Amino acid sequence: MAAKSESGKKGRQPLRDKPVRLKELAEYLGLNPSTISVVLNDTPGRSIPEATRQRIKEAAQKLNYQPNLVARSFRNRRTLTIGIMVPVLSDGYHTEIMTGAGDCLVNAGYFYFTAHHRHRPALVDQYSRQLVAKGAEGLICIDTAIEHPMSVPVVAVAGHRHVRNVTNVVLDHRRAAELAIQHLYSLGHRRIAFMHGQPFSSDSNDRWQSMVDVCRELGLPMHPELIMQLDRDISTPELGYPVVEQLVKARRKFTALVCFNDIAAIGAIRGLRDLGLRVPEDVSVIGFDDIKAAAFLTPGLTTIRQPLAEMGRFAAQYMVNRLNQTEEFREQVAFEPELIVRESTAPPHRS
């Protein structure tokens, strides 16, 4: 009896010093492992006294019980893990979508991995395979070009390619172009400069073609000398500064500027000011996205709002529903833009 008591003490001591597994917790409580699993996983249909349930939960917390998620995933064929791929980890567009998606996944009880690929096709392919190999049940791809079908469901935010088993979550860029250009047109602007997004950005082609179509319908010429091609793979205001600086120093005359995104607009406004031009008195500036900083600039930035966090939440919830087989496959889901008028746009200055 004494030997048994001594053995029990030796067995219990390590439980307080390090995480325990199910078998050790069962031995500590003197209960069947399946009983403990039922309680800690809130499995329905089992009648277990409330006092026993409480004792199990208290012991699990006290002894820092850590479930073996790998073993559980093999049993259930579920890992409750999602992979998120994004070009960069930075403030603005990508972060707001990721925050919306991440909040939804956390609330749904999912874990997620994040990988950023800098728009490199080889990394997109490599990371997608690695995320799946590490147990990702699905992939959420933000501003990421998907070239071929994956072995798991994929939701592509700002996805414009039709690929099997990939759901594209997009903005209505045609409506966004109408809102931006008609706003400037109604103020009286006729010589408008445009930023064409980087070739590797998922939204560039659709957004630009929409701008071209709306200008054509309004009879508004797009002067080639007032079109700036962005090509740098950066996500800071430095994106918009040098192209505007070059435009002004070339003495191109324009009264308004349509920026590819808010980050570029912030850089453009600084560039205009450094060159002695006032916003909006000399040049009106309109952005795209409505990131949080847009409302706090001086002047406040007029912009096209994308519901970024909402798009992220939708992507994550749709993924969860697909994995739980509660929602059918949808090839595309479009969100509506909104014009947010602040202080950076005004009628052209007459002198």
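Please read these numbers as outputs of a predicted model, since none were measured by experiment. (Residues numbered from 1 in each chain as written. Predicted model: local features only at pLDDT ≥ 70, side-chain atom pairs only at ≥ 80, totals over all residues. Heavy atoms only, no water.)

A.B. asks: What should I look at first to understand the packing of helix α2 (residues 22–29) against helix α3 (residues 33–40) in this one?
C.D. replies: Between two packed helices, what matters for the description is the angle formed by their axes and the separation of those axes. In the contact formed by α2 and α3, the axes pass within 9 Å of each other and the chain directions differ by 105°. The angle between the axes of α2 and α3 places the two elements in the roughly perpendicular class. Mapping the contact onto sequence places Leu22, Leu25, Ala26 and Leu29 in α2 and Pro33, Ile36, Ser37 and Leu40 in α3. Broken down by class, the residue content of the contact of α2 with α3 amounts to 7 nonpolar, 1 polar and no charged. (Axes fitted to C-alpha atoms, helices over the stretch in contact; angles between N-to-C directions. Helix = DSSP H or I, 4+ residues; strand = E, 2+ residues; numbered from the N terminus. Parallel < 35°, antiparallel > 145°, perpendicular 65-115°, else oblique. Contact = heavy atoms within 4.5 Å. Nonpolar A, V, L, I, M, F, W, Y, C, P; charged D, E, K, R; others polar.)

A.B. asks: It is not clear to me how the environment of Cys215 should be interpreted in this structure. Could you clarify?
C.D. replies: Inspection of the secondary structure assignment puts Cys215 in helix α9 (residues 204–218). In this structure Cys215 comes out as buried when scored by relative accessible area, which is 1%. Residues contacting Cys215, with those up to four places away along its chain left out, are Ile181, Phe194, Leu220 and Met222. (Buried < 20%, exposed > 50% of the residue type's maximum accessible area, 1.4 Å probe, protein only.)

A.B. asks: Looking at this structure, how should I read the sheet that holds strand β10 (residues 302–305)?
C.D. replies: The strands making up a sheet are joined through hydrogen bonds of the backbone, oriented either antiparallel or parallel. Strands sit in the order β7-β6-β8-β9-β10-β12 across an open sheet of 6 strands; the sheet is mixed. Of all the strands in the sheet, just β7 (227–229) and β12 (338–340) have a single pairing partner and so form its edges. The average angle at which neighbouring strand axes cross in this sheet is 20°, direction not considered. The pairing of strand β6 (residues 192–196) with β7 spans 3 bridges and is classified as parallel. Within β7, the residue paired with Met195 across the bridge is Met228. (Pairing = 2+ DSSP bridges.)

A.B. asks: Sorry, what's going on with the sheet that holds strand β5 (residues 166–171) here?
C.D. replies: Taken together, 6 strands build an open sheet; the order of strands is β2-β1-β3-β4-β5-β11 and the sheet is parallel. With one partner strand each, in any of the chains shown, β2 (111–116) and β11 (332–335) form the two edges of the open sheet. The average undirected angle you get between the axes of adjacent strands in this sheet is 15°. In terms of strand pairing, β5 meets β11 through 4 bridges, oriented parallel.

A.B. asks: Sorry, what's going on with the packing of aromatic side chains here?
C.D. replies: For any two aromatic rings, the description comes down to two numbers: the centre-to-centre distance and the angle of the planes. Taken as a whole and judged by the stated rule, the model has 4 aromatic pairs. Measuring from centroid to centroid gives 5.2 Å for Phe111 and Phe113, while their planes differ by 90°, and the two rings are edge-to-face. Judged by centre distance (5.9 Å) and plane angle (15°), the ring pair of Phe314 and Tyr318 falls under stacked. A residue pair is termed a helical-turn pair when its members lie 3 or 4 positions apart in one helix, as Phe314 and Tyr318 do in helix α12 (residues 308–323) at 4 residues. Members of the aromatic cluster, each reached through a chain of ring pairs, are Phe314, Tyr318 and Phe335. In this structure, Arg207 packs its charged tip against the face of Phe260, placed 4.6 Å from the ring centre. Across from the ring centre of Phe288, 3.7 Å away, lies the NZ or CZ of Arg207, which sits over that ring. (Phe/Tyr/Trp six-rings, centres within 6.5 Å; stacked < 30°, edge-to-face > 60°. Lys NZ or Arg CZ within 6 Å of the ring centre and 35° of its normal.)

A.B. asks: Is there a simple way to explain helix α10 (residues 241–249) in this structure?
C.D. replies: A turn of α-helix holds 3.6 residues, and therefore any two residues three or four places apart point the same way. Within α10, the full set of buried residues consists of Val243, Val244, Leu247 and Val248. On an axial view of α10, the arc spanned by its buried residues comes to 130°, and they lie on one face. Looking at α10, the residues exposed on the side facing more than 90 degrees away from the buried face are Gln246 and Lys249. Looking one or two residues past α10, Arg251 carries a phi angle of roughly 60°, positive in sign. (Arc of directions from axis to C-beta.)

A.B. asks: Is there a simple way to explain the pattern of salt bridges in this structure?
C.D. replies: A side chain of one charge can pair with a side chain of the opposite charge if their charged atoms are brought near each other. Under the counting rule described, the total for this entry stands at 18 salt bridges. Among the salt bridges present, the one from Glu96 reaches Lys292, with a minimum N-O distance of 3.9 Å. Here the residue Glu96 occupies a position in helix α6 (residues 93–107), and Lys292 occupies one in the loop between β9 (284–289) and β10, the gap between them amounting to 196 residues. Glu96 sits in the buried class, given a relative accessible area of 13%. Assessed through its relative accessible area of 63%, Lys292 is described here as exposed. With a closest N to O distance of 4.0 Å, Arg118 and Asp233 form a salt bridge. Taken together, the residues span a long stretch of sequence, with Arg118 in the loop between β2 and α7 (121–133) and Asp233 in the loop between β7 and α10 at a distance of 115 residues. Its relative accessible area of 37% is what places Arg118 among the partly exposed residues. A relative accessible area of 30% means that Asp233 is categorised as partly exposed. Put simply, Arg174, Arg175, Glu178 and Glu217 are held in one network by salt bridges that share partners. (Salt bridge = Lys/Arg side-chain N within 4 Å of Asp/Glu carboxyl O.)

A.B. asks: I'm lost on the nonpolar core in this one. Help?
C.D. replies: One finds Leu105, Ile140, Ile142 and Phe194 to be the most contacted residues of the largest nonpolar core, which totals 47 residues. Among the elements that take part in this core, α12 stands out by supplying 8 residues, more than any other. Residues within four places of Leu105 in sequence aside, it is in contact with Ile82, Ile84, Tyr110, Tyr112, Ile140, Ala316 and Val320. Core analysis: the next-biggest nonpolar cluster, separate from the first, contains 24 residues, Ala193, Met228, Val243 and Phe260 among them. (Core = buried A, V, L, I, M, F, W, Y, C linked by side-chain atoms within 4.5 Å.)

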